[in-house]
Amino acid sequence: MKVASWNVNSVRAREARLLAWLARTQPELVCLQELKAENDVFPSAAVEALGYQAAVHGQRTYNGVAILSRAPLTEIERGFGDGEDDAQARVIRARVAGIRVFCAYFPNGGEVGSEKFAYKLRWMERMRRYLERTLEKSESAVLCGDFNVAPEDRDVARPEEWKDSVLCHPEARAALARIADLGLVDTFRRQHSEGGHYSWWDYRMLGFPKNNGLRIDHIFATEPLAARCQSAEIDRNERKGKQPSDHAPVLATFSQ
DNA sequence: ATGGTTGCTTAGCAA
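Notes on the structure follow.

Procedures and definitions
- Residues numbered from 1 in each chain as written.
- Chains lettered and ligands numbered in written order.
- Predicted model: local features only at pLDDT ≥ 70, side-chain atom pairs only at ≥ 80, totals over all residues.
- Heavy atoms only, no water.
- Near = heavy atom within 4 Å.
- Polar contact = N/O pair within 3.5 Å; in protein donor to acceptor, adjacent residues only side chain to side chain.
- Nonpolar A, V, L, I, M, F, W, Y, C, P; charged D, E, K, R; others polar.
- 1 Å grid on protein atoms, 1.4 Å probe; cavity = no way out; pocket = protein on both sides within 12 Å on 5 of 7 lines; lining within 4 Å.
- Points joined across faces, edges and corners; volume = space filled by probe spheres on them.
- Helix = DSSP H or I, 4+ residues; strand = E, 2+ residues; numbered from the N terminus.
- Pairing = 2+ DSSP bridges.
- Axes fitted to C-alpha atoms, helices over the stretch in contact; angles between N-to-C directions.
- Contact = heavy atoms within 4.5 Å.
- Buried < 20%, exposed > 50% of the residue type's maximum accessible area, 1.4 Å probe, protein only.

Attention now goes to the protein's contact with DNA strand B. Taken together, the neighbourhood of DNA strand B is formed by 15 residues, with Ser10, Arg14, Thr61, Lys116 and Arg204 sitting nearest. Considering DNA strand B, the proportion of its atoms within 4 Å of the protein that are sugar or phosphate atoms stands at 68%. Residue Ser10 places a side-chain N or O atom 2.3 Å away from a phosphate oxygen belonging to DNA strand B. The side chain of Lys116 places a nitrogen or oxygen atom 3.1 Å from a phosphate oxygen of DNA strand B. Here the residues of the surface near DNA strand B sort into 5 nonpolar, 3 polar and 7 charged.

The rolling of a water-molecule-sized probe over the atoms marks out the regions of remaining empty space. The full count for this structure, using the stated rule, is 2 cavities of 30 Å³ or more. Along its surface, the largest cavity is lined by Asp186, Thr187, Phe188, Arg215, Asp217, His218, Ile219, Glu233, Ile234, Val250 and Leu251. For the lining of the largest cavity, the elements supplying multiple residues, two or more each, are helix H6 (187-191), strand S12 (217-222), strand S13 (229-234) and strand S14 (250-254). Tallying contributions element by element places S12 first for the lining of the largest cavity, with 3 residues. Residue composition of the lining of the largest cavity, grouped by class: 5 nonpolar, 2 polar and 4 charged.

With that settled, consider the sheet that holds S13. Backbone-to-backbone hydrogen bonds join strands into a sheet, with any given pair of strands oriented parallel or antiparallel. Across the sheet, 6 strands lie side by side as S3-S4-S2-S1-S14-S13; this open sheet has mixed pairing. Two strands close off the open sheet at either side, each with one partner strand: strand S3 (53-57) and S13. Neighbour-to-neighbour, the strand axes of this sheet turn through a mean angle of 10°, independent of strand direction. Bridge count between strand S1 (residues 2-7) and strand S2 (residues 29-33): 5 bridges; the pairing is parallel. Its bridge partner lying in S2, Ser5 is registered against Cys31. In this fold helix H1 (residues 15-25) packs onto S1, S2, strand S4 (65-69) and S14, with an angle of close to 165° to the strand it touches most, S1.

Before going further, it helps to spend a moment on the pairing of strand S7 (residues 99-105). Counting buried residues in S7 gives 7 out of 7 residues, a clear majority hidden from the surface. With burial as the criterion, each face of S7 is covered, one bearing Ile99, Val101, Cys103 and Tyr105 and the other bearing Arg100, Phe102 and Ala104. Pairing of strand S6 (residues 91-96) with S7, which is carried by 6 bridges, proceeds in the antiparallel orientation. Looking across to S7, one finds that Ile92 is bridged to Cys103. A loop of 2 residues connects S6 with S7, the two strands running antiparallel in sequence, and Ala97 in this loop sits at a positive phi of about 50°. By the bridge criterion, 6 bridges tie S7 to strand S8 (residues 141-146) in an arrangement that is parallel. Residue pairing for S8: Val101 is matched across the bridge by Val142.

The strand order across the open sheet formed by 6 strands is S5-S6-S7-S8-S12-S9, and the pairing between neighbours is mixed. Of all the strands in the sheet, the pair left with one neighbour each is strand S5 (73-78) and strand S9 (184-186). For this sheet, the mean angle separating the axes of adjacent strands, direction not counted, is 20°. Where S9 and S12 come together, 3 bridges link them in antiparallel fashion. Looking across to S12, one finds that Leu184 is bridged to Thr222.

Coordinates in, geometry out; function isn't part of it.
Written out as structure tokens, the structure reads:
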């Protein structure tokens, strides 16, 4: 079973690339982030024509997440469902083929010290509590998404340049570690110990040509599923060419 | 220190 996660940075701007990539890559399960579109704008018919069911939690202008699956999606839940204010569409979950699937778009955080960064840290703690309620680590589950956190310096091309950013801040890394402590394994990191693998490059300052990247998109899995992980990769080629997203898709393949 | 680019929405914000 091939699982993918991709921040498409607008599903409308990326529709042609998304459809071509689905047809070429043939993942069974795909988590998408940053749709920047309402549910009725999502190209549901086009992905259905390629054999995918879509569960969409869209939003105008910002955010927006979706789960695509070849097998039927059940138990679809949008948002945290904790009764608190949930204005930003950043989380959707579902069950597919006995696997609990969480798709998340973590807040970027703007600048360290800003209100946006405080929101990011609060959101990550809220995410941890949400997973604590809904995730059973003895079962098969994946948490896929744009985490907006590079877990370690080996996930950063130029650690010195990024050390004070919201993507590498110690508090963001600690918040991520508390989420992982619920029983989630970074599938890519279990397969590859070396650095030099990134999933996002800034459009600005020739980020991609200079390979000034960070690994901030992840597929985390509970141990029963992580034990079945056969390979993990980043589709760096999808960052090339005309009108790419600033993120590359990340993938993990599981036996059965 | 600030800039650089892309996308949404239409001058400014978010990333």
